[in-house]
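Take a look at the letters that make up each chain.
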Amino acid sequence: MAKSSADDEELRRACEAAIEGTKQKVVMSIRVAKSRGIWGKSGKLGRQMAKPRVLALSTKSKGPRTKAFLRVLKYSTGGVLEPAKLYKLKHLSKVEVITNDPSGCTFTLGFDNLRSQSVTPPQWTMRNVDDRNRLIFCILNICKDVLGRLPKVVGIDVVEMALWAKENTPTRAKERNLQDGPVATTVAESELKVSVEKELVSQAEEEDMEALLDTYVMGIGEAEAFSERLKRELLALEAANVHAILESEPLIEEVLQGLDVATNCVDDMDEWLGIFNVKLRHMREDIESIETRNNKLEMQSVNNKALIEELDKLLERLRVPSEYAACLTGGSFDEAHMLQNIEACEWLTGALHGLQVPNLDSTYANMRAVKEKRAELEKLKTTFVRRASEFLRNYFASLVDFMISDKSYFSQRGQLKRPDHADLRYKCRTYARLLQHLKSLDKNCLGPLRKAYCSSLNLLLRREAREFANELRASTKTSRNPTVWLEASTGSNQNAHTADTSSVSDAYAKMLTIFIPLLVDESSFFAHFMCFEVPALVPPGGVANGNRSGNYNDEVNDDDDDDLGIMDIDENDSKADLAALNESLQDLLDGIQEDFYAVVDWAYKIDPLRCISMHGITERYLSGQKADAAGFVRLLLGDLESRISMQFSRFVDEACHQIERNERNVRQMGVLSYIPRFATLATRMEQYIQGQSRDLVDQAYTKFVSIMFVTLEKIAQTDLKYADIFLLENYAAFQNSLYDLANVVPTLAKFYHQASEAYEQACTRHISMIIYYQFERLFQFARKIEDLMYTITPEEIPFQLGLSKMDLRKMLKASLSGVDKSISAMYKKLQKNLTSEELLPSLWDKCKKEFLDKYESFVQLVAKIYPNETIPSVTEMRDLLASM
């Protein structure tokens with residue numbers, strides 16, 4: 001028989017090399033064939049192509065514990081073993097030998113930790129049964145010793161495995177002894193000990209099994225003798241059976257007699273039971289009839305009791321307490337009786353809701369008594385709502401009339417009075433819960449009440465604003481600044497423009513500080529008091545305006561929302577009444593804006609520039625009004641901002657007309673008067689900027705400077721001879737006067753750079769005119785040469801008419817013979833018409849630089865066209881200019 005691969009040492013070493021580095025020891029390795037087929041009825045294996053694999057059993061010791069693994073190795077392209085799969089033997093649950101394989105060499109291994117149990121496990125086919133037994137025996141021994149348990153074995157007898165192990169272990173030891181020598185002998189003996197210790201069947205069990213098998217050794221090989229023995233024993237058994245039957249005949253007769261007696265007794269018993277069954281059935285029917293009648297009576301009693309209870313409850317709902325009826329129909333609305341009125345309202349509201357179909361069974365809703373009681377409650381509701389509405393309308397009017405008739409509530413001569421509505425709101429809060437109940441009873445009744453409240457309170461607010469504004473203007477003492485800032489005919493004295501008018505903007509700020517919080521609080525109080533479903537005006541911890549330095553009635557503001565006794569408003573319905581609220585606020589506060597307009601117009605007449613401060617103050621208050629209840633206040637502030645912007649635009653337009661009047665005057669010389677005045681105006685405007693008024697001022701700057709520059713250009717065109725001198729002097733004055741402001745104001749910086757560019761252009765034109773005036777022949781000659789260089793070569797130019805070397809010498813003699821005098825004349829001409837002496841040094845430096853640049857270009861041109869001609873060098877000319 002061929003040598004088993006389990007004894008192949010080279011295979012073992014190849015496996016150890018493949019798993020090197022895992023610290024695992026190979027216990028056994030054997031070659032197998034892997035397939036995934038099934039066995040058909042024909043007994044042949046219908047599988048895919050078998051793949052050669054090597055199964056290796058390995059162990060790994062880690063302290064006192066030992067882990068066992070089953071490794072599957074496959075052959076790589078070069079025939080070298082490499083790991084393919086790794087199974088842990090602790091998960092081995094079943095070893096099954098394929099019974100349909102005639103050779104018995106194919107088996108499967110079942111693991112309980114595989115991801116998909118539906119996939120057919122691989123089948124392993126050995127070369128012979130000995131290899132199969134050797135591998136399975138080794139697996140079972142390792143499971144028993146390392147894991148302490150055995151997997152389920154299917155398709156093979158464990159006893160047969162034990163006998164096979166007993167027969168093959170010594171032989172294996174001897175074979176290895178012959179092959180490996182003395183060393184191998186030692187190994188074989190140790191393996192034999194281990195094998196004996198690891199036997200699946202103990203020695204005692206094996207001896208008992210052999211004794212049992214020996215009892216069946218009866219000479220079966222002697223077939224005829226054994227057959228005769230069986231015949232004899234069969235005949236003896238039959239004879240014994242016949243004899244036993246004959247002996248038992250008397251006993252059988254006695255048994256039959258006993259059965260007859262028992263049958264008679266059973267028949268009698270059956271007759272008695274039939275009689276008793278009939279009687280019991282009649283009794284059961286009687287009992288059922290009695291129980292049915294009893295149940296009906298009990299059910300009727302329960303229903304009657306429940307009906308009486310329901311009717312009592314319904315009667316209780318329908319009953320109108322006499323004290324509530326009296327209060328609703330004729331009670332007083334004084335403050336002392338308000339608690340009784342509120343309780344009556346709550347009862348009436350609950351009673352009406354209780355008679356509605358969702359809260360009352362639909363069967364009751366159609367009863368005549370319920371309908372009549374509902375009509376009675378509706379009548380009570382209508383009467384109470386009418387009485388309460390009439391009382392509240394008269395109450396609001398009487399409160400306001402009382403306050404208006406008392407002059408101490410308003411500002412008087414020499415005394416500004418801050419409006420105080422604490423007492424008014426305290427008295428109104430008494431009826432806040434009443435209004436809430438009126439809304440729940442009849443929502444339509446709130447419309448006339450809101451109009452009555454708005455009409456009455458509007459008279460009070462307008463009176464307070466008018467008296468306060470009048471006294472505010474009368475008590476503010478300040479000198480009036482003229483609106484003529486940029487008029488050409490105005491003298492240079494600017495003292496009139498420096499008067500302090502801060503008290504004007506302070507008065508306007510005071511008006512807003514007093515009345516804007518008041519109006520916001522009144523709007524918020526009205527929204528909550530009159531049950532509008534809008535969110536709170538000011539969030540907790542917030543303020544109602546940009547600067548609450550003068551909070552109106554702090555003690556009142558803190559309690560406005562809490563003391564009304566009004567339920568919290570659902571934010572989902574917060575926009576439902578917003579349109580109605582805005583309409584009511586229009587009625588509440590309409591007309592008060594006229595007093596604010598009067599303060600704005602008064603401040604404009606005193607100092608138009610104070611519009612800048614007032615615009616910033618208004619913008620700050622406007623940015624603080626965010627709540628829905630402050631809608632009209634936002635509109636009021638927006639109208640004030642528009643009014644202030646309109647007045648300031650009027651001032652800007654008048655100032656622009658003053659600038660434009662300059663062009664109608666006689667010939668202008670020197671710096672126009674509006675240039676320095678504009679600098680003074682801009683400085684003053686910057687001082688008045690507050691908050692968001694930067695855009696307003698920048699727009700004014702843009703309009704002012706644009707008109708100034710346009711007017712400047714128009715005036716310059718009236719006398720072209722002196723236009724450049726006029727322009728450069730005015731643009732220089734503009735830059736000098738606005739230098740400091742341009743560094744901090746981006747809009748003025750833009751116009752500063754624009755003026756700088758225009759100044760440079762005017763300087764260039766004026767200097768070029770002076771240079772050409774003194775050295776006209778010199779630079780005309782150069783211009784002719786430059787024009788010809790576009791059409792002919794430089795060598796041909798000296799032969800042209802008027803451009804010969806002789807012409808060059810004549811031109812140089814005429815132009816440069818008295819160059820120092822010409823330069824002096826140039827300086828005098830530059831100085832002659834210049835009114836701003838401080839500009840002369842910088843202009844003369846520009847003139848010298850421009851002349852040197854032009855002369856240097858001329859020298860380079862001559863050197864190129866007339867290389868042999870000698871002319872004064874640029875250095876000589878520069879030294880000459882430096883010495884002048």
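What you see is a predicted model, and the numbers here were worked out from it, not measured in a lab. (Residues numbered from 1 in each chain as written. Predicted model: local features only at pLDDT ≥ 70, side-chain atom pairs only at ≥ 80, totals over all residues. Heavy atoms only, no water.)

Peer 1: I tried to follow the overall build of the protein on my own but got confused; where do I start?
Peer 2: Regarding its fold elements, the protein presents 28 helices and 10 strands. In the protein, which comprises 884 residues, the share counted as buried stands at 41%. Long-range pairs, those at least 24 residues apart, make up 73% of the contacts in the protein between residues at least 6 apart in sequence. As presented, the protein carries roughly 49600 Å² of accessible surface, and 53% of it is formed by carbon and sulfur atoms. (Helix = DSSP H or I, 4+ residues; strand = E, 2+ residues; numbered from the N terminus. Buried < 20%, exposed > 50% of the residue type's maximum accessible area, 1.4 Å probe, protein only. Contact = heavy atoms within 4.5 Å. Areas by Shrake-Rupley, 256 points an atom, 1.4 Å probe, with all protein chains shown as cover.)

Peer 1: I keep staring at the side chain of Gln647 and nothing clicks. Help me out?
Peer 2: Note on placement: Gln647 falls in helix 19 (residues 631-660). With near-sequence residues (within four places) excluded, Gln647 lies in contact with Asp601, Tyr604 and Cys611.

Peer 1: What is the right way to read the packing of aromatic side chains from this model?
Peer 2: Centre-to-centre distance and the angle between the planes together describe a pair of aromatic rings. Evaluation of the coordinates by the stated rule reveals 23 aromatic pairs. With a centroid separation of 5.7 Å and 20° between ring planes, the pair formed by Phe391 and Tyr395 is classed as stacked. With a gap of four residues between them, Phe391 and Tyr395 both fall in helix 10 (residues 368-405), about one helical turn apart. Geometrically, the ring pair formed by Phe468 and Phe515 is edge-to-face, given 5.3 Å between the ring centres and 70° between the ring planes. With Phe468 in helix 13 (residues 446-475) and Phe515 in helix 14 (residues 502-529), this pair connects stretches of sequence that are 47 residues apart. On the basis of relative accessibility, which here comes to 2%, the residue Phe468 falls in the buried class. The exposure class of Phe515 is buried, given its relative accessible area of 0%. In this structure an aromatic cluster arises from ring pairing among Phe391, Tyr395, Phe396, Tyr431, Tyr453, Phe525, Phe526 and Phe529. (Phe/Tyr/Trp six-rings, centres within 6.5 Å; stacked < 30°, edge-to-face > 60°.)

Peer 1: Got a minute to help me understand the pattern of salt bridges in this structure?
Peer 2: Where charged atoms from two side chains of opposite charge come close, those side chains can pair. A complete count under the given rule lists 16 salt bridges for this structure. Across the pair Arg684 and Asp607 runs a salt bridge, and its minimum N-O distance is 3.7 Å. Placement of Arg684 in helix 20 (residues 674-688) and of Asp607 in the loop between helix 17 (593-606) and helix 18 (610-623) is noted, with a sequence separation of 77 residues between them. Like Arg684, the residue Asp607 is buried in the burial classification. Between Lys849 and Asp853 there is a salt bridge, and its shortest N-O distance comes to 3.4 Å. One end of the pair is Lys849 and the other is Asp853, both in helix 27 (residues 840-865) and four residues apart, which spans about a single turn. In this structure Lys849 comes out as exposed when scored by relative accessible area, which is 54%. Asp853 sits in the partly exposed class, given a relative accessible area of 34%. Within this structure, Glu686, Arg694 and Asp698 form a network of salt bridges that share partners. (Salt bridge = Lys/Arg side-chain N within 4 Å of Asp/Glu carboxyl O.)

Peer 1: I keep staring at the nonpolar core and nothing clicks. Help me out?
Peer 2: The nonpolar side chains of a soluble globular protein tend to be buried with one another. If you look at the biggest cluster of nonpolar residues, it comprises 170 residues, and the most contacted ones within it are Phe704 and Phe858. Of the residues forming this core, the biggest block, 16 residues, is contributed by helix 14. Look past the residues within four positions of Phe858 in its chain and what remains in contact with it is Leu778, Phe781, Ala782, Leu808, Met811, Leu812 and Ile871. With 31 residues, the next largest nonpolar core counts Leu55, Leu57, Ile139 and Ile156 among its residues. (Core = buried A, V, L, I, M, F, W, Y, C linked by side-chain atoms within 4.5 Å.)

Peer 1: How should a nonpolar patch on the surface be read in this particular structure?
Peer 2: On the surface, a cluster of nonpolar side chains totalling about 750 Å² of accessible area is made up of Met269, Trp272, Leu273, Ile275, Phe276, Leu280 and Met283. Topologically, Ile275 is positioned in helix 6 (residues 249-318). (Patch = residues over 30% accessible without salt bridge, like charges linked within 9 Å, V, L, I, M, F, W, Y side chains within 5 Å.)

Peer 1: Any chance you could explain helix 22 (residues 723-742) here in plain terms?
Peer 2: Along an α-helix, residues three or four positions apart point the same way, because every turn accommodates 3.6 residues. The principal kink in helix 22, of about 35°, is found at Asn736. Among the 20 residues that make up helix 22, 16 are buried, leaving the element largely enclosed by the rest of the structure. (Bend = angle between axes of the 7 residues up to and from the residue.)

Peer 1: Would you mind going over unusual backbone geometry with me for this structure?
Peer 2: Excluding glycine, residues mostly carry a negative phi; peptide bonds, for their part, are mostly trans. Despite not being glycine, Lys23 shows a phi value in the positive range, around 60°. Within the element layout of this structure, Lys23 appears in the loop between helix 1 (9-18) and strand 1 (25-35). Lys23 gets classed as exposed once you look at its relative accessible area, which sits at 73%.

Peer 1: Help me out: how do you make sense of helix 26 (residues 819-832) in this one?
Peer 2: Relative to the 20 Å expected for 14 residues at 1.5 Å per residue, helix 26 spans 20 Å between its end C-alpha atoms, a close match to the ideal helical length. The inward-facing, buried residues of helix 26 contact helix 23 (746-774), helix 25 (805-816), helix 27 and helix 28 (874-883). (Expected span 1.5 Å × (residues − 1).)

Peer 1: Would you explain a negative patch on the surface in this entry?
Peer 2: Negative charge collects at one region of the surface, where Asp267, Asp268, Asp270 and Glu271 lie side by side. Within the secondary structure, Asp267 is located in helix 6. (Lys, Arg positive; Asp, Glu negative; His and termini not counted. Charge placed at Lys NZ, Arg CZ, Asp CG, Glu CD.)

Peer 1: So what exactly am I meant to see when it comes to the confidence of the model for the protein here?
Peer 2: For residues with low pLDDT, the predicted coordinates do not support detailed interpretation. Of all residues in the protein, 78% have pLDDT values of 70 or greater, and the mean over the chain is 76. Here residues 171-198 scores under 50 on pLDDT; set against residues more than four positions off or in separate chains, the count is 16 contacts. (pLDDT = per-residue confidence, 0-100.)

Peer 1: Is there a simple way to think about the environment of Leu328 in this case?
Peer 2: With respect to the helices and strands, the residue Leu328 is situated in helix 7 (residues 322-330). Judged by relative accessible area, which is 0%, Leu328 ranks as buried. With 53 residues separating them along the chain, Leu328 and Lys381 place their C-alpha atoms 7.8 Å apart.

Peer 1: Would you mind going over the environment of Val153 with me for this structure?
Peer 2: Within the secondary structure layout, Val153 lies in strand 10 (residues 152-154). Overall, Val153 belongs to the partly exposed group, its relative accessible area being 26%. Along the sequence, Val153 and Glu96 sit 57 residues apart, while their C-alpha atoms lie 5.9 Å from each other. Here Val153 is in contact with Val95 and Leu140, once residues within four sequence places are set aside.

Peer 1: Could you clarify how one ought to interpret the sheet that holds strand 10 in this entry?
Peer 2: Hydrogen bonds along the backbone pair up the strands of a sheet, which may run parallel or antiparallel. The sheet built from eight strands is open, its strands ordered 6-5-4-1-9-8-7-10 with mixed pairing. A single partner strand is all that each edge strand has here, and the edge strands are strand 6 (81-88) and strand 10. For this sheet, the mean inter-axis angle between neighbouring strands, taken without regard to orientation, is 35°. The strands touched by helix 1 within the sheet are strand 1, strand 4 (51-62), strand 5 (65-75) and strand 6, with strand 1 carrying the most contacts at an inclination of about 100°. In this fold helix 2 (residues 129-147) packs onto strand 1, strand 4, strand 5, strand 7 (92-97), strand 8 (106-111) and strand 10, with an angle of close to 135° to the strand it touches most, strand 1. (Pairing = 2+ DSSP bridges. Axes fitted to C-alpha atoms, helices over the stretch in contact; angles between N-to-C directions.)

Peer 1: Teacher, can you tell me more about the packing of helix 21 (residues 694-717) against helix 23 here?
Peer 2: How two helices pack is summed up by the angle between their axes together with the distance between the axes. In the contact formed by helix 21 and helix 23, the axes pass within 9 Å of each other and the chain directions differ by 15°. Overall, the two elements helix 21 and helix 23 adopt an arrangement that is roughly parallel. The two elements helix 21 and helix 23 meet at a crossing, and its hand is right-handed. Facing helix 21, whose interface residues are Asp698, Tyr701, Thr702, Val705, Ser706 and Phe709, helix 23 presents Thr747, Leu748, Phe751, Gln754 and Ala755. For the contact of helix 21 with helix 23, the per-class residue count stands at six nonpolar, four polar and one charged. (Parallel < 35°, antiparallel > 145°, perpendicular 65-115°, else oblique. Left-handed = near helix turned anticlockwise from the far one by under 90°. Nonpolar A, V, L, I, M, F, W, Y, C, P; charged D, E, K, R; others polar.)

Peer 1: Which parts of the structure should I look at to understand a positive patch on the surface?
Peer 2: A contiguous patch of positive charge, built from Lys62, Arg65, Lys67, Lys88 and Lys90, is present on the exposed surface. One can find Lys67 in strand 5.

Peer 1: What is the right way to read the pairing of strand 5 from this model?
Peer 2: Within a regular strand, side chains alternate between the sheet's two faces. Here strand 4 pairs with strand 5 via nine bridges, running antiparallel. Looking at strand 5, one finds that Lys62 is bridged to Arg65. The hairpin formed by strand 4 and strand 5 contains two residues between the paired strands, and Gly63 there has a positive phi angle of roughly 70°. As paired elements, strand 5 and strand 6 share seven bridges and run antiparallel to each other. Counted as the bridge partner of Leu73 is Pro83 from strand 6. With antiparallel pairing between neighbouring strands as the criterion, strand 5 and strand 6 make up a hairpin whose turn holds five residues, including Gly79 at a positive phi of roughly 80°.

Peer 1: For this particular structure, what's the right way to read the side chain of Thr108?
Peer 2: In this structure, Thr108 sits in strand 8. Residue classification places Thr108 among the buried residues on the basis of a relative accessible area of 9%. Contact partners of Thr108, with chain neighbours within four places excluded, come to Lys94, Val95, Glu96, Ile98, Pro122 and Gln123.

Peer 1: I'm lost on the state of the cysteines in this one. Help?
Peer 2: In protein chemistry, a disulfide is the covalent bond that joins the sulfur atoms of two cysteines. Enumeration according to the criterion identifies zero disulfides in this entry. Free of any disulfide, Cys143 has its nearest neighbouring cysteine sulfur in Cys138, separated by 9.6 Å. (Disulfide = S-S within 2.5 Å.)

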